[in-house]
Each structure stands twice: as structure tokens, then as C-alpha cells.
Amino acid sequence: MSHGIGRLTMVLAAIATQPAEATVVDLRLLPASASVQVGNAIDVELWATARDNESQSVSAMAVLLQWDAQDLGLLGLTNNGPYGWLSSCFPDDSGLDGLNNTWTDGDARYEALALLGSPAIATGSGLLVTTLRFEALRPAAVSTIDIPAALGQSSFSKVLGADFPNQDVTGSLGIATIAITPEPAGAVLLLLAACAFRHPHRRRHRH
């Protein structure tokens, strides 16, 4: 009997020390759809949202970004979220895949580290992580900014929970579509060119 009680105690102790099931955290880019004129800047917010209206503590995240560098140029970020990260930046990753060596190729690696003992909390309504700023370079009907799962040999998009070390709580990875319109003067010229093409001048016939 004592052996049975001992085994039961061990099982209960093991269950008690197991971490609670984590809530998945989705990474979103907002607005998901927007429009901007050539030459202007556009802000795209990075949000971390826990599923099922739950909450999940976050200790760190690495977020890969990919876009068409002919359409858009990354200018930087603004840390305007409600949580004060220990670090929120585009780190020097030259020892990995070098995504931040240059942004002219259309990819980058963002990283956020939470305060030790005071993690960030992603809720069902979402946590604004940071705001990314891009410049519109040329007209495009649809240009996308997305969060790929992986780039290169060792760069991954990942959200880590704070319940235990290396707790992977990564959910879905977002995408934003940007419509880039010509500058007003350019739009007028295009309209005039279209009209001239549709209604060519007719030659007058001499009688």
C-alpha cells in the first residue's frame, strides 16, 4: 500500500511541475490594407495577439520582415507601444544571416526582449509591439509586407513565452497589402496620356 501511495505522490508532483498549456500568440501587421502616395511615408504597426481571448506572457520575439524593395523602403521604427521593452530594435545580425546589413534588398530582422521578471503580456485584444515606417518609392497596385517564417540559414520568426525557457508560443504570421498611388502631378499626366490615347486628334480633310 505504501508503495502505491508513493507512486501516486510522485505522479501528482510531476503533474504539478508541468508548465500550463501555452496560449498561441499571432503576429499581425496593421492596417492589413492601406494606401499611400509615392514619396510619402506609411506606418505599419506590429501587434502580438493571444488567441481565444486569453493572455500570454512574452519574454522575447524575433520578427522577420520581407517586402518589395522597389516599391517600399524601410525607414526604421517607433517604439510607441504601451510596454517598455528592454530592447526593441533591428539588431546587428551580421553573425547570422545579415538581414540587417542592408534594407535595400527588402528584408530585415526585428527583435524585442522583455524586462527580466516583468514580461510583456499579449492579450486577446492585442499588444502593440512597435510601429514600422516605410517610404513609398513607386506606384504599385498591390505591394505586400509580410512576416515569413524563416529567411536564410538561421533566422526565424518566433515568439517566446515567459512561463519556462524557450517556450514557443508562435502563432500565425501576418501580412499587409499596400496600394501605392502616383503623386498628384504624375496622376494628372497619366490621365492626360490616357485621354490622348483614347481620343487621338483627327486630321482635318481639305475640301
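Reading the values: the criteria
Residues numbered from 1 in each chain as written. Predicted model: local features only at pLDDT ≥ 70, side-chain atom pairs only at ≥ 80, totals over all residues. Heavy atoms only, no water. Phe/Tyr/Trp six-rings, centres within 6.5 Å; stacked < 30°, edge-to-face > 60°. Helix = DSSP H or I, 4+ residues; strand = E, 2+ residues; numbered from the N terminus. Buried < 20%, exposed > 50% of the residue type's maximum accessible area, 1.4 Å probe, protein only. pLDDT = per-residue confidence, 0-100. Contact = heavy atoms within 4.5 Å. Polar contact = N/O pair within 3.5 Å; in protein donor to acceptor, adjacent residues only side chain to side chain.

Visitor: Just checking my understanding: could you explain the packing of aromatic side chains for this structure?
Guide: To describe a pair of aromatic rings, you give the distance between the ring centres and the angle between the ring planes. A full pass over the atoms with the stated rule returns four aromatic pairs. Ring centres 6.0 Å apart and planes at 75° place the aromatic pair Phe 90 and Tyr 110 in the edge-to-face group. Within this pair, whereas Phe 90 is found in the loop between β6 (87-89) and β7 (107-113), its partner Tyr 110 is found in strand β7, the two being separated by 20 residues in sequence. Each member of the pair Phe 90 and Tyr 110 is classed as buried.

Visitor: Please clarify how unusual backbone geometry should be interpreted in this entry.
Guide: Peptide bonds are trans in most cases, and residues, glycine excluded, mostly fall at negative phi. Here the residue pair Leu 30 and Pro 31 is connected by a cis peptide bond, since its omega of 0° sits within 30 degrees of zero. Within the secondary structure layout, Pro 31 lies in the loop between β1 (25-30) and β2 (33-37). Not every positive phi belongs to a glycine, and Asn 166 is a case in point at roughly 60°. Tracing the sequence through the fold places Asn 166 in the loop between β13 (158-161) and β14 (167-168). Given the relative accessible area of 66%, Asn 166 is considered exposed.

Visitor: Can you walk me through the confidence of the model for the protein chain in this structure?
Guide: Low pLDDT means the predicted atomic positions in that stretch should not be read closely. Per-chain confidence: the protein chain averages 87 in pLDDT, with 79% of residues scoring 70 or above. Confidence over residues 7-18 falls short of pLDDT 50; this stretch has zero contacts with residues more than four positions distant or in other chains.

Visitor: Can you walk me through the side chain of Thr 130 in this structure?
Guide: Mapped onto the elements of the fold, Thr 130 is located in strand β9 (residues 127-136). Look at Thr 130 and you get buried, because its relative accessible area is 0%. Polar side-chain contacts of Thr 130 include one of 3.0 Å to the side chain of Asn 79. Residues in contact with Thr 130, not counting those within four places in the same chain, are Val 44, Glu 45, Leu 46, Leu 77, Thr 78, Asn 79, Asn 80, Ser 88 and Tyr 110.

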